[in-house]
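So the chains spell out like this:
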Amino acid sequence: MRRKTKRLLGIGLAGVAGLSIFMWPIVSRIPTPQADRIADSGVVGVVETGSIAWIIPTTTGVVLIDAGGSADSQNLQAEIGDRTVHAILLTHGHFDHTAGARNYPTTEIIAGPGESGLVSGTEAAGGWMARMSKPLMGEPDYTPPVLREFIDGEIIEIDGETITAIHVPGHTNGSAAYIWNDVLFVGDTVVGRDGYVSELPKPLYDDYAQVPASVAKLASLDFEVIADGHVGLHKNGKELLGAFQTE
Ligand SMILES: [Zn+2]
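Residues numbered from 1 in each chain as written. Predicted model: local features only at pLDDT ≥ 70, side-chain atom pairs only at ≥ 80, totals over all residues.

Student: Mind laying out the overall build of the chain, listing which residues take part and the relevant values?
Tutor: Counting its regular elements, the chain contains seven helices and 15 strands. In terms of overall dimensions, the chain has C-alpha extents of about 60 × 40 × 30 Å along its principal axes. Buried residues in the chain amount to 43% of all 247 residues. Partitioning the intrachain contacts of the chain with sequence separation of at least 6 by distance along the chain shows that 64% fall at a separation of at least 24. (Helix = DSSP H or I, 4+ residues; strand = E, 2+ residues; numbered from the N terminus. Buried ≥ 20, exposed ≤ 12 C-beta atoms within 10 Å, placed from the backbone. Contact = placed C-beta atoms within 7 Å.)

Student: Run through the nonpolar core, naming residues and quoting values.
Tutor: Among the nonpolar cores identified, the biggest contains 59 residues, and W54, L64, I88, L89 and L184 are the most heavily contacted of them. Each residue touching I88, except ones within four places of it in the same chain, is listed here: L64, A67, A101, Y104, T107 and I109. (Core = buried A, V, L, I, M, F, W, Y, C linked by C-beta atoms within 7 Å.)

Student: Break down the confidence of the model for the chain for me, with residues and values.
Tutor: Chain-level pLDDT for the chain is 89 on average; 90% of the residues reach the 70-or-more range. Counting contacts from residues 4–16, a segment whose pLDDT is below 50, to residues more than four positions away or on other chains yields two contacts. (pLDDT = per-residue confidence, 0-100.)

Student: Outline the sheet that holds strand β11 (residues 183–187), listing residues and values.
Tutor: One open sheet holds the six strands; their spatial order is β8-β9-β10-β11-β14-β15, and the pairing between them is mixed. Since the sheet does not close on itself, it has two edges, and those belong to β8 (155–158) and β15 (233–234), each with one partner. Alignment of strand β9 (residues 161–167) against strand β10 (residues 176–180), held across five bridges, turns out to be antiparallel. In the strand pairing of β10, I163 is matched with W180. (Pairing = 2+ DSSP bridges.)

Rendered as structure tokens:
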């Protein structure tokens, strides 16, 4: 190997190791998933490269809430099988929730108000953690050909199912939550822990000041179960969210 190439590689590896050590105290405070595959309350959650993609069955196929953290989403694709993906509803534009969308280029992608730039990679993430982890994970930008933003409170009808879309800024400016039947999909706005619901580590929020209002907005809605972006399903979700705890 030529000396210059070797030196650059060395700097690169040192950088990756250094950043990982720097990030670990924060990343280690995110609880681990309940299982690799979580099936309850009519939905299936598949852990796919760092986050959970949720599958809602529809009359002739499925709808996804988030798409997993890599294009190589083998677990998710195996779970979906040959069913048609009618839409992918994104809770936010961080790559660990969107990357798998590139496997469904003709599917409509729906995101929260103002989130398209982050989804497409034309806007950088607000938080330093998200900005740094994307190049570290090596996920290239991808602009979904069919992408639209919902209007707060919009009722989305897809293939026989009704989903309510809610704007919950804080984790990102265009963060979204969705309600289907009695399940509330919260993305990374809050996270379920052992018997309670709390926030993620604060460096993971673009604008933490907006989180309390977004949590209060969700707590006022009708649902029973919380499906979060990294852990799984949480029964008595409305009660738990009402008693939301800061870390
Ligand atoms: Zn996120």
